[in-house]
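# Observations on chain architecture
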Amino acid sequence: MSTTTLAGTVNTQANVYFDGKCVSHTVTLADGTRKSVGVILPATLTFNTGAPEIMETVTGTCTVKMAGSDEWKTYGPGESYNVPGNSSFEIKVEGEPYHYICHFG
């Protein structure tokens with residue numbers, strides 16, 4: 001099911017990953033641009049990517065390690081990080097839930 005607005009469509013069916021530790025909703029804008037808006041609960045998770053992504057932090061903090069790197073970087077509200085396509089990244093969330101917007105492409 002989805003809800004259509006002048007700005008686009010929100011998929012009201014949640015995307016639930018890692019036994020509920022990550023929950024998001026997909027938003028498709030009127031121009032076809034796709035994003036997801038979600039939350040990650042405290043955990044250490046590994047995500048695989050198809051398309052390149054920009055992960056924008058809304059609230060909370062996370063620590064991220066990109067595939068092929070040994071370096072963990074911390075991101076907070078207002079900060080973002082790029083994830084290459086056809087890759088993966090590890091994310092650690094401790095304490096408060098991490099709220100994000102994922103920009104695809």
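Whatever comes next refers back to the structure up there.
Residues numbered from 1 in each chain as written. Predicted model: local features only at pLDDT ≥ 70, side-chain atom pairs only at ≥ 80, totals over all residues. Heavy atoms only, no water.

## Let's talk about the pattern of salt bridges
One pass over the full model with this rule turns up one salt bridge. Between glutamate 90 and lysine 65 there is a salt bridge whose closest N-O contact spans 3.4 Å. You can see glutamate 90 sitting in strand 11 (residues 88-93) and its partner lysine 65 sitting in strand 8 (residues 62-66), a full 25 residues away along the chain. (Salt bridge = Lys/Arg side-chain N within 4 Å of Asp/Glu carboxyl O. Helix = DSSP H or I, 4+ residues; strand = E, 2+ residues; numbered from the N terminus.)

## Quick word on the sheet that holds strand 11
Read across the open sheet, the four strands follow the order 6-11-8-9; overall the sheet is antiparallel. One side of each edge strand has no neighbouring strand; the edge strands of this open sheet are strand 6 (43-48) and strand 9 (73-75). Taking the axes of each pair of neighbouring strands and ignoring which way they run, one obtains an average angle of 25° across the sheet. Where strand 8 lies against strand 11, four bridges are found, and the strand directions are antiparallel. The residue bridging lysine 65 from the neighbouring strand is glutamate 90, located in strand 11. (Pairing = 2+ DSSP bridges. Axes fitted to C-alpha atoms, helices over the stretch in contact; angles between N-to-C directions.)

## So, the nonpolar core
In this structure, Ile40, Cys62, Tyr81, Ile91 and Tyr98 are the most contacted members of the largest nonpolar core, which totals 17 residues. Those elements that place two or more of their residues in this core are strand 6, strand 8, strand 10 (80-83), strand 11 and strand 12 (98-104). The contact partners of isoleucine 91, leaving out residues within four places of it in the chain, are Ile40, Ala43, Thr44, Leu45, Phe47, Cys62, Thr63, Val64, Tyr81 and Tyr98. (Core = buried A, V, L, I, M, F, W, Y, C linked by side-chain atoms within 4.5 Å. Buried < 20%, exposed > 50% of the residue type's maximum accessible area, 1.4 Å probe, protein only. Contact = heavy atoms within 4.5 Å.)

## Looking at the packing of aromatic side chains
Scanning all chains against the criterion turns up five aromatic pairs. An angle of 20° between the planes, with centres 5.5 Å apart, marks the rings of phenylalanine 47 and phenylalanine 89 as stacked. Note that phenylalanine 47 is positioned in strand 6 and phenylalanine 89 in strand 11, a separation of 42 residues in sequence. We classify phenylalanine 47 as buried; its relative accessible area is 16%. On the basis of relative accessibility, which here comes to 3%, the residue phenylalanine 89 falls in the buried class. Measuring from ring centre to ring centre gives 6.1 Å for tyrosine 81 and phenylalanine 89, while their planes differ by 70°; the resulting arrangement is edge-to-face. (Phe/Tyr/Trp six-rings, centres within 6.5 Å; stacked < 30°, edge-to-face > 60°.)

Geometric descriptors of this kind do not, in isolation, establish any biological role.
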